[in-house]
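Chain and residue survey
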Amino acid sequence: MLPTITTDEVQEQDPRVAILPVGSYEQHGAHLPLITDTAIACIITRELAAAYPVLPLSPISIACSHEHGTWPGTVSISARTLHAVITDIAQSLETSGIRKLVLVNAHGGNYVLSNIVQEANVTEARMGLFPQSREWKRARQQAGLVSSSYDDMHAGEIETSILLHAEPSLVRPGYETADHDGGERPFLLTQGMKAYTKTGVIGFPSYATAEKGREVLASLVESFAEHLQALGE
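In this text the structure is predicted, and so the values were computed from the model without any measurement.

**Description of the sheet that holds strand E2 (residues 55-56)**
The sheet built from four strands is open, its strands ordered E2-E1-E3-E4 with parallel pairing. Unpaired on one side and paired on the other, E2 and strand E4 (127-130) mark the two borders of the sheet. Of the pairings in the sheet, the one linking strand E1 (residues 17-22) to strand E3 (residues 100-105) comprises six bridges and is parallel in character. The partner of leucine 20 across the bridge, within E3, is leucine 103. Contacts from helix H4 (residues 112-120) reach E1, E3 and E4, with the element oriented near 155° to E4.

Below, the structure written as structure tokens:
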């Protein structure tokens, strides 16, 4: 899932935009690995790099997973650290002539990414955040997913479908019976995920299929063109 492009190939391509996958290292129930969000961010990045003249970067694999608290294996960094890392990456890219960056985020808890992008675009459009809620909603509709984005928050239909299509070896047995309805979650930021699920799942992985995953990715690739246009590309 990591990019294998060489420096000579980058020089030949001469990209104007880099794309940075941002994931997490956090529990995803018993049927998906801790790297799920990072894997999905890398898969989306791989698909985008195959379709557009952009430079794929290696992922940020540990980010802001504080809502998953003390679940075994979950590791987080602070929002300020993530902010600093991405700012440094953007500055480093600029030294080689790449002034525009898109953050490909696959973890909903990385709230600080929105602030980073806003700050980067004060004087000109230089940074994007993808996919956003509009693109995820469009992808769900086009792929025929049964669940909504709210009900299928974590380790559910959409994440399992993407991995069943793109990296099926990452999906463990048992997803067919792992559904959990987390209901309303008004104090998620205060009480964390454990207040709303015992298994770590909030969603409906039993609905997942590889075909849905393929269609989700196809929709996201199509939607990305609008983000390049917003950056003036």
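**Re the packing of aromatic side chains**
This structure, assessed with the given rule, holds three aromatic pairs. Aromatic side chains phenylalanine 130 and phenylalanine 224 sit 5.1 Å apart centroid to centroid with 75° between the ring planes, which places their arrangement in the edge-to-face category. On the criterion of sequence distance, the pair formed by phenylalanine 130 in strand E4 and phenylalanine 224 in helix H8 (residues 210-230) is long-range, its members being 94 residues apart. When its relative accessible area of 0% is taken as the criterion, phenylalanine 224 is described as buried. Ring centres 5.8 Å apart and planes at 20° place the aromatic pair phenylalanine 204 and tyrosine 207 in the stacked group. Take phenylalanine 204: its relative accessible area is 16%, and that puts it in the buried class. Residue tyrosine 207 is classed as partly exposed on the basis of its relative accessible area of 33%.

**Regarding the pairing of E3**
Of all six residues in E3, six are buried, a share of seventy percent or more. Both faces of E3 are covered, namely the face carrying Lys100, Val102 and Val104 and the face carrying Leu101, Leu103 and Asn105. Summarising the sheet, E3 and E4 pair through four bridges and their orientation is parallel. Note that in E4 the partner of leucine 101 across the bridge is methionine 127. After leaving E3, the chain enters H4 and then returns to the sheet as E4, a path that is right-handed.

How each quantity is defined
Residues numbered from 1 in each chain as written. Predicted model: local features only at pLDDT ≥ 70, side-chain atom pairs only at ≥ 80, totals over all residues. Heavy atoms only, no water. Pairing = 2+ DSSP bridges. Helix = DSSP H or I, 4+ residues; strand = E, 2+ residues; numbered from the N terminus. Contact = heavy atoms within 4.5 Å. Axes fitted to C-alpha atoms, helices over the stretch in contact; angles between N-to-C directions. Phe/Tyr/Trp six-rings, centres within 6.5 Å; stacked < 30°, edge-to-face > 60°. Buried < 20%, exposed > 50% of the residue type's maximum accessible area, 1.4 Å probe, protein only. Right-handed = clockwise from strand over helix to strand, strands pointing away.

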